[in-house]
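In case you want the letters, here they are:
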Amino acid sequence: MSHLMNTYNRIPVSFARGEGVWLWDESGKRYLDALAGIAVNTLGHGHSGLVRAITEQSRRLIHTSNLYRIAEQERLAEKLADISGMDSAFFCNSGCEANEAAIKLARLYGHGKGVDNPAIVVMDRAFHGRTLATLSATGNRKVQAGFEPLVTGFVRVPFNDIESVRQVAARDRSVVAVLVEPIQGEGGINVSEMEYLRGLREICDRNGWFLMLDEVQCGIGRTGKWFGYQQAGIRPDVVLLAKGLASGLPIGACLASGPAAKVFQPGTHGSTFGGNPLVCAAALATLAAIEEDGLMKNAERIGGILLAGLREALGSSPGVAQVRGQGLMIGVELDRPCGELVNRALAEGLLINVTMDKVIRLLPPLVINEAEARQVLAILVPLVRAFLAQAPSSAAVRA
C-alpha cells in the first residue's frame, strides 16, 4: 500500500537512470524522453556540466537563507538580466510561486496608484499554477472545481484576441496588469500571434499597466530564443520562469524591469529556500550549456524537423485538427480524447503527454538530435494513425 497522497494517476513505470534524451526503467527497458519532465530537463539526463556544478556546489555550500547575501544568486540574477533585458530578479521554488509573486507585485503596484481593488487581465485556457491565487488566474474550470471560493481580481478574456483586451481597457479602471503565456502549454500548445503580444505591449503602455509574461514552460531557450517574447521583439515589465531554468532542481524566478523592479521592498515578499546556492549553481550551469552547446539553435532546427514531419504525416489526416508549436514545444490536436496514447507510446518506448484531453504534447530536452527526433516521428506517427483508425471521433460519439 502506498503512503503517497492520491493526487496523481501515475503511469505504471519507475525510472532508474537517464542519459541524454534516454531513460531506463527498473527492468532495464529504454525509453526516448520526449517530455523532459514536463519541460524541466533542459539538458536531458546526466549532463556532465550540470552534474559537475551540482556536485561541486553541494560540497561547498547548499543553503544559508535569504537573510544573507548569496553569491551564486547574485551571479544568476546578473546573467538573467543580461539575456532578458530585465533589471532585477526575485527567486523562489516553482512556477506557481513565480506567478504568485507577479500577482502580489501587480496588486501592490495598483494600491500604490490608489486603486482599491486592483485587477489583472488573464486568458481563457491559461494555466498559471495550483496555489489558490494562481488557480484563480488559470482559465480551466476542471482544475478549479471544488476549490471555490476562488480569489477575485481577475478579468478573463479570450486568448489571442486583442480587441477583447482593448474593450476591458475602455471600461475597467481597476485593471493594473495583463498576465499571459506567450505559448499556453497546459492549455494545448496555443501559440501567441506576434502582433497580439505587440498589441498587448501597446495597450499596457497606453494605460500604465504591467505586461507580465508567464514563461514558466516556454522560456529558457525552448522556442529557439531565450524567451518567447523575444520572438515578438518586445520587452515586458515582468517575466515568470521556473521548470527548465535549473534542469531539474526546483527554482522559480520573477524578473522585473522599469517601475515593476522597484515595487517590492524589504518585508513585502520572500522565500525561505528560494535561490539557494545549490539551485543557482545548477541554473548557471544550465544557462552556460545552452550558450556553449548552441541549444537554442538546436531547439529551432530540431523543432522544425518535428513540426514538418508531423504536419506532413498527420496534418491532412481525418481526425487531426491541427499540428502547432514553436521550437521544441509542439502539440498535435486531435478531434477526440486521446489520453490512452500515453500508455501506448510508453509500451513502444516513447514518453509523451496529453493535455486538454485531445492534444498530444511534445517537450523534449533541448539536447535532442536529429536522429532521435526522427525516432520520435517513427514511433508516434503510426501510433496516432492506428488510434484514429479505431477510436471514434467526438462528433461520431455525440451522433
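Because the structure is predicted, anything quoted here is derived from the model rather than measured. Per-chain numbering applies: the sequence of each chain, read as written, is numbered from 1 onward. With the structure being a predicted model, the display of local features is reserved for residues of pLDDT at least 70 and the display and counting of side-chain atom pairs for 80 or more, all residues being used for whole-chain, interface and lining totals. The basis for every side-chain value is the complete set of non-hydrogen atoms in the structure, without hydrogens or water.

Quick notes on the pairing of strand 11 (residues 238-241)
To keep it simple, the criterion reads: Burial classes: relative accessible area under 20% of the type maximum marks a residue as buried, over 50% as exposed, and values in between as partly exposed (1.4 Å probe, protein chains only). Counting from the N terminus, the helices are DSSP H or I runs at least four residues long and the strands are E runs at least two residues long. Between any two strands, pairing holds if DSSP finds at least two bridges.
Covered by surrounding structure in strand 11 are Val 238 and Leu 240 together with Val 239 and Leu 241, the residues of both alternating faces. Direction of pairing for strand 10 (residues 210-214) relative to strand 11: parallel, over a ladder of 3 bridges. Opposite Leu 213, over in strand 11, you have Val 239 as the bridge partner. Relative to strand 12 (residues 252-256), strand 11 runs antiparallel, the two sharing 4 bridges. Within strand 12, the residue paired with Val 238 across the bridge is Ala 256.

Focus on the sheet that holds strand 7 (residues 175-180)
Paired through their backbone hydrogen bonds, the strands of a sheet run either parallel or antiparallel. Just so we agree on the cut-off: Where helices are involved, their axes are fitted lines through C-alpha atoms of the stretch in contact, as for all axes, and angles between N-to-C directions lie from 0 to 180°.
A sheet is described by the order of its strands in space; here 7 strands give the open sequence 4-12-11-10-7-5-6, paired in mixed fashion. Both outer strands of the open sheet, strand 4 (88-92) and strand 6 (154-157), are each paired with one neighbouring strand and no more. Sheet twist, expressed as the average angle between the axes of neighbouring strands with direction ignored, equals 20°. With 4 bridges joining them, strand 5 (residues 119-123) and strand 6 adopt parallel strand pairing.

What to know about the layout of surface pockets
Formally: Points on a 1 Å grid, built from protein atoms alone, make a cavity when a 1.4 Å probe fits but cannot get out and make a pocket when they are open with protein on both sides within 12 Å along at least 5 of 7 lines; residues with an atom within 4 Å of a point are the lining residues. Grid points are joined across faces, edges and corners, and a volume is the space filled by probe spheres set on the points. Note on residue classes: Ala, Val, Leu, Ile, Met, Phe, Trp, Tyr, Cys and Pro are nonpolar, Asp, Glu, Lys and Arg are charged, and everything else, Gly too, is polar.
In this structure, the second largest pocket spans a volume of roughly 280 Å³. Lining the second largest pocket are 14 residues, with Ala 89, Phe 90, Phe 264, Gln 265 and Thr 268 positioned closest to its centre. Among the elements of the structure, strand 4 and strand 12 are those that each provide at least two residues to the lining of the second largest pocket. Looking at the lining of the second largest pocket, the element that brings in the most residues is strand 4, giving 3 residues. Per-class residue counts for the lining of the second largest pocket are 9 nonpolar, 5 polar and no charged.

Considering the environment of Ala 345
Here is the rule: We call two residues contacting when some pair of their heavy atoms lies within 4.5 Å.
The residue Ala 345 is located in helix 11 (residues 341-347) in this model. With relative accessibility at 0%, the residue Ala 345 sits in the buried group. What Ala 345 contacts, discounting residues up to four positions off in sequence, is Leu 350, Ile 352 and Leu 383.

Thoughts on the side chain of Arg 201
Heads up, the rule is: Identification of polar contacts relies on pairs of N or O atoms within 3.5 Å, with a donor-acceptor requirement for protein atoms, meaning one able to donate a hydrogen and the other able to accept it, and with residues adjacent in sequence counted only if both atoms are side-chain atoms.
Relative to the elements of secondary structure, Arg 201 occurs in helix 8 (residues 194-207). Reaching out from Arg 201, the side chain makes a polar contact with the backbone oxygen of Arg 235 at a distance of 2.8 Å. Discounting residues that sit within four places of it in the chain, Arg 201 has contacts with Trp 209, Leu 211, Ile 234, Arg 235, Pro 236 and Asp 237.

Remarks on the nonpolar core
Across soluble globular proteins, nonpolar side chains have a tendency to be buried as a group. As a reminder, the rule being used: Joining through side-chain atoms within 4.5 Å is the link that ties buried Ala, Val, Leu, Ile, Met, Phe, Trp, Tyr and Cys residues into a set, and such a set is a nonpolar core.
Leu 310, Leu 334 and Ile 360 are the most contacted members of the largest nonpolar core, which has 94 residues in total. With 10 residues, the top contributor of residues to this core is helix 10 (residues 295-314). Each residue touching Leu 310, except ones within four places of it in the same chain, is listed here: Gly 315, Val 323, Ile 330, Val 332, Leu 362, Leu 377, Leu 380 and Val 381. Listed in part, the 28 residues of the second largest apolar core include Tyr 109, Val 176, Ala 177 and Ala 256.

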